[in-house]
Amino acid sequence: TQLLEQSPQFLSIQEGENLTVYCNSSSVFSSLQWYRQEPGEGPVLLVTVVTGGEVKKLKRLTFQFGDARKDSSLHITAAQPGDTGLYLCAGPFTGNQFYFGTGTSLTVIP
Amino acid sequence: GAGVSQTPSNKVTEKGKYVELRCDPISGHTALYWYRQSLGQGPEFLIYFQGTGAADDSGLPNDRFFAVRPEGSVSTLKIQRTERGDSAVYLCASSLTLGRENTQYFGPGTRLTVL
């Protein structure tokens, strides 16, 4: 059983479409992070959400932390080819460990 | 400034051989993490250091895996008697210090292939 489940696992959409990626857990997290990883590179932090119900925006990306701090979502408006990549959620685990989700691979077709 | 660097970028070895993977963290970062990422999966925690000491090595899968950071900067992940199941991308990350509020900066990874 994965601590952080992401859905969908794969997503292929046309440029200009909107999409939402989900990160779910049965455990409560003090915070959740979202990363984007491009092929051949390490993950890059996009945002950290720390308060239940919190919404953060980063240009066309909107991140939400669930009220119960067990889930989070990433919504992308008007997707562009540059948004293509692997989107990962991660949360602090025991001590200073971070547990990563299963990932969502997004392809935006021009 | 320079980011986290990892060498080699690719390593192909034969089953049973010994390999060393190197990580150069961002200058001044005292915390260093190693992760393993299999194809289509998220990174899996292996070990982290604060300074020279391994603060938490609970993610190392077995005693064939070992990591050192003798001077509190560069770290080496060592794998003995490699097995085909060890094939993965090994990622290193560093942060200013330990603590959940500190951003981890990742290197590009070393792709290990065990034949």
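These numbers were taken from a predicted model, which means no experiment stands behind them.

**Topic: the interface of chain A and chain B**
Counting from both sides, the interface comprises 22 residues of chain A and, opposite them, 20 residues of chain B. The three residues of chain A that bury the most area against chain B are Asn96(A), Gln97(A) and Phe98(A), which together make up 35% of that side's buried surface. Where chain A packs against chain B, one counts zero salt bridges. Counting the contacts that link chain A with chain B gives six residue pairs in polar contact (both at pLDDT 80 or more). Elements that contribute at least two residues to the side of chain A that touches chain B include exactly strand S4 (32-37), strand S9 (85-92) and strand S10 (98-100) of chain A.

**What to know about the sheet that holds strand S6 (residues 55-58) of chain A**
All names here are of chain A. Read from one edge of the open sheet, five strands run S1-S3-S8-S7-S6, paired in antiparallel fashion. Each edge of the open sheet carries a strand with a single partner, namely strand S1 (5-7) and S6. Each strand axis lies, on average, 15 degrees off the axis of its neighbour in the sheet, ignoring direction. Inspection of the sheet shows strand S7 (residues 61-65) paired to strand S8 (residues 71-76) by five bridges, in the antiparallel sense. The residue bridging Thr62 from the neighbouring strand is His75, located in S8.

**With respect to the packing of aromatic side chains**
With the rule as written, the count across this model stands at ten aromatic pairs over all chains. Both rings, one in Trp34(A) and one in Phe63(A), keep their centres 6.5 Å apart while their planes meet at 45 degrees; by these two values the pair is tilted. One end of the pair, Trp34(A), is in strand S4; the other, Phe63(A), is in strand S7, and 29 residues separate them in sequence. Just as Trp34(A) is buried, Phe63(A) falls in that class too. Relative to Tyr48(B), the ring of Phe45(B) has its centre 5.7 Å away and its plane inclined at 55 degrees; by these criteria the two rings are tilted. Residue Tyr48(B) is classed as buried on the basis of its relative accessible area of 4%. Each member of the aromatic cluster is reached from another via a ring pair, and the members are Tyr35(A), Phe100(A), Tyr33(B), Tyr35(B), Phe45(B), Tyr48(B) and Phe106(B).

Here is what the cut-offs are and how they apply
- Residues numbered from 1 in each chain as written.
- Chains lettered and ligands numbered in written order.
- Predicted model: local features only at pLDDT ≥ 70, side-chain atom pairs only at ≥ 80, totals over all residues.
- Heavy atoms only, no water.
- Contact = heavy atoms within 4.5 Å.
- Buried area = accessible area lost by both parts, 1.4 Å probe.
- Salt bridge = Lys/Arg side-chain N within 4 Å of Asp/Glu carboxyl O.
- Polar contact = N/O pair within 3.5 Å; in protein donor to acceptor, adjacent residues only side chain to side chain.
- Helix = DSSP H or I, 4+ residues; strand = E, 2+ residues; numbered from the N terminus.
- Pairing = 2+ DSSP bridges.
- Axes fitted to C-alpha atoms, helices over the stretch in contact; angles between N-to-C directions.
- Phe/Tyr/Trp six-rings, centres within 6.5 Å; stacked < 30°, edge-to-face > 60°.
- Buried < 20%, exposed > 50% of the residue type's maximum accessible area, 1.4 Å probe, protein only.

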